[in-house]
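Tertiary structure, described
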Amino acid sequence: MEALNTQNPEHITWKHEQLNFAILGGIRLEGLDRLRVTIKTEFKTIAIRHNLDLYNDGQLEKLVRKYAERFEIGTVYIGKALGELINRLENYRLQEIKKQEVPEIKKTLSETQIKEAKLFLQTPDLLLRTNELIGKTGMIGEEHNRLLMYLIFTSRKRECPLHVISLAASGTGKSYLQEKVSELIPEEDRLEITTLSENALYYFGQQELKHKLILIEDLDGTESVLYPLRELKSKRKITKTVTIKDSKGNTKTVHLTVEGPVSVAGCTTQESIYEDNANRSFLIYLDESKEQDERIMNYQRKLSAGTINFEEEHRIKELMKNVQRVLQPVSVRNPYAERLQIPNEVFKPRRTNAHYLQFIEAITFYKQYQREHKTDKDTGEVFIETTFEDIQEANRLMKEILLRKSDELNGACRNYFEQLKIYLQQTKENGFTSKQISKALRIPVSTVKRHHLHLFTSGYIKHYTDKKEADKVNKSYCYEIISYEEYKELQSRISTALDEALNKVRDDQPNGSLTAHGTNEPIKANNSKGNKHRLKKPTSESKREEKKQTPLTETETLQTLTITA
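Here's a quick rundown of the structure. Remember, it's a predicted structure, so these values are computed and weren't measured experimentally.

Criteria and thresholds
Residues numbered from 1 in each chain as written. Predicted model: local features only at pLDDT ≥ 70, side-chain atom pairs only at ≥ 80, totals over all residues. Heavy atoms only, no water. Axes fitted to C-alpha atoms, helices over the stretch in contact; angles between N-to-C directions. Helix = DSSP H or I, 4+ residues; strand = E, 2+ residues; numbered from the N terminus. Parallel < 35°, antiparallel > 145°, perpendicular 65-115°, else oblique. Contact = heavy atoms within 4.5 Å. Nonpolar A, V, L, I, M, F, W, Y, C, P; charged D, E, K, R; others polar. Phe/Tyr/Trp six-rings, centres within 6.5 Å; stacked < 30°, edge-to-face > 60°. Buried < 20%, exposed > 50% of the residue type's maximum accessible area, 1.4 Å probe, protein only. Pairing = 2+ DSSP bridges.

Looking at the packing of helix H5 (residues 143-154) against helix H12 (residues 388-406)
Two elements in contact, H5 and H12, have axes whose closest approach is 10 Å; the angle formed by their N-to-C orientations is 105°. On the basis of the axis angle, H5 is roughly perpendicular to H12. Facing His144, Leu147, Leu148 and Leu151 of H5, the residues of H12 in contact are Arg396, Leu397, Glu400 and Ile401. Classifying every residue of the contact of H5 with H12 gives five nonpolar, one polar and two charged.

Structure below.
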């Protein structure tokens with residue numbers, strides 16, 4: 001007996017002795033509870049075409065009788081032929097469904113790869129070294145943003161991941177930054193999406209998205225899905241109740257649940273984002289300077305000239321993926337958390353404070369191979385602890401984020417305003433018009449007018465008041481800047497607040513605790529004097545003495561600690 005001919009999936013044929021069958025238009029792969037087809041059956045010179053569900057006994061029985069009458073052959077013979085055809089179509093459909101299933105990618109690392117990845121994670125100045133390697137994978141410039149994004153992507157492995165949105169004008173490299181950094185994340189851990197329908201997220205498997213990095217190329221095209229995406233970020237789970245019909249036609253209610261946590265990254269050209277979406281994510285603004293333009297164009301020239309070492313880029317990418325693979329789930333505890341504070345200027349302090357603490361924990365998590373794994377005596381939980389160094393690095397990376405969250409101007413308007421200040425200081429002019437600035441900075445006049453309206457209503461600029469120039473320009477269309485130093489003052493207040501909190505952590509150590517220590521330093525005990533416990537600065541003599549001694553283990557140090565109030 002001949003096999004099913006599926007060379008053309010839209011015209012499947014099969015021959016059973018004297019009967020020739022053809023399935024016109026193929027078969028649908030979804031809905032295994034039905035097998036609706038358009039079937040053409042030929043016997044000698046007679047052909048019959050019919051549309052039916054082969055799983056419907058009534059329809060199938062009528063078709064058998066119709067064939068028997070027209071072909072003048074027995075119903076048993078026809079029934080046997082159709083039964084064999086149905087079995088073959090079922091097997092074919094199951095094979096096609098299996099082909100469409102994307103197998104889960106699980107890469108098994110060799111001992112050499114594991115050793116290399118762990119050795120890298122034990123490197124002193126790990127964040128600095130990581131940033132250098134990111135720069136060698138084709139990511140030009142954006143030193144601050146790329147490291148920040150990489151650490152946010154790393155947080156997907158934790159129970160409270162972080163999220164990021166990249167904002168910039170069209171053609172400035174938002175998608176490129178996200179793409180190049182995401183290439184350092186293993187394929188099995190990331191999901192790249194161009195666009196999403198409104199209910200698409202609810203139809204993933206219950207744990208299919210767990211600890212995944214979701215990359216959305218353009219948030220502007222996913223407005224309908226932003227609500228479930230927000231809930232997935234916050235609650236780490238989304239649920240939808242739908243009604244479906246079972247095989248018997250009965251209606252029943254089904255609950256669709258998709259679990260997180262997930263880390264979400266997206267890009268947008270919008271100057272401002274809906275508040276509920278913005279305050280759940282880190283907002284990063286790309287470098288749109290001329291210097292960055294030149295760096296990118298220089299890389300493009302090297303690319304065209306064929307002088308880029310792609311083999312080296314590939315090797316680094318594979319190493320960074322393996323680094324991500326060897327990171328293991330572990331709890332992080334920050335013994336300094338109660339004494340950390342964010343600046344008072346931040347507009348949404350509650351959620352921002354949570355992000356600040358989670359980012360510190362993400363840095364500690366990334367350095368897990370440089371931390372002693374401790375066990376809670378009461379709960380048995382294994383954890384690692386944040387060090388003073390982690391907080392320092394987090395403050396350095398978070399400073400720009402906290403500054404943006406304390407600024408009442410959106411990123412695009414702030415960038416324009418700072419450009420405007422530089423231009424007016426260089427030209428030594430006080431008054432300016434929209435048309436003048438549009439021509440000087442090569443920005444569309446409609447954009448300039450929009451920024452000026454925002455700056456005017458927010459109290460950053462005012463109508464020009466120089467009476468000598470009153471006859472030359474219409475004062476209602478001429479402006480001047482109220483303060484050139486307001487942004488520097490805000491930056492100073494943010495830096496001061498972070499530094500003060502950091503000093504408090506360093507100077508106000510709790511009784512019996514260990515001081516923060518460097519990555520490769522032995523653990524040091526607090527020196528107590530009165531009611532204050534401060535870090536004692538080592539002298540050159542004590543440093544020489546320290547080199548002669550073998551560093552104590554943490555257990556030995558704890559046993560020798562005697563700290564009195």
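With respect to the packing of aromatic side chains
The final tally for this structure, using the stated rule, is eight aromatic pairs. Each ring, one from Phe43 and one from Phe71, has its centre 5.5 Å from the other, and the planes form 45°; the classification is tilted. Within this pair, whereas Phe43 is found in strand E3 (residues 36-43), its partner Phe71 is found in helix H1 (residues 57-71), the two being separated by 28 residues in sequence. Residue classification places Phe43 among the buried positions, given a relative accessible area of 7%. Here the aromatic rings of Tyr150 and Tyr366 are separated by 5.6 Å at their centres, their planes lie at 80°, and the arrangement is edge-to-face. Taken together, the residues span a long stretch of sequence, with Tyr150 in helix H5 and Tyr366 in helix H11 (residues 349-366) at a distance of 216 residues. This pair shows no difference in class: Tyr150 is buried, exactly as Tyr366 is. Through a chain of ring-to-ring contacts, three or more aromatic side chains come together here, namely Phe43, Tyr67 and Phe71.

A word on the environment of Ser224
Turning to its location among the elements, Ser224 is positioned in the loop between strand E7 (212-216) and helix H7 (226-234). Judged by its relative accessible area of 41%, Ser224 falls in the partly exposed class. With 25 residues separating them in the primary sequence, Ser224 and Asn199 have C-alpha atoms 8.6 Å apart. Once you skip the residues sitting within four places of it in the chain, Ser224 turns out to touch Leu196, Ser197 and Glu198.

Some thoughts on the pairing of strand E4 (residues 46-53)
On a regular strand, each side chain points to the face opposite its neighbour's, so the side chains alternate between the two faces of the sheet. For E3 and E4, the ladder comprises eight bridges, and the chain directions are antiparallel. Each bridged residue has a counterpart across the sheet, and for Lys40 the counterpart in E4 is Arg49. Connecting E3 to the antiparallel partner E4 that follows it, the hairpin turn spans two residues, and Lys44 within it adopts a positive phi of roughly 60°.

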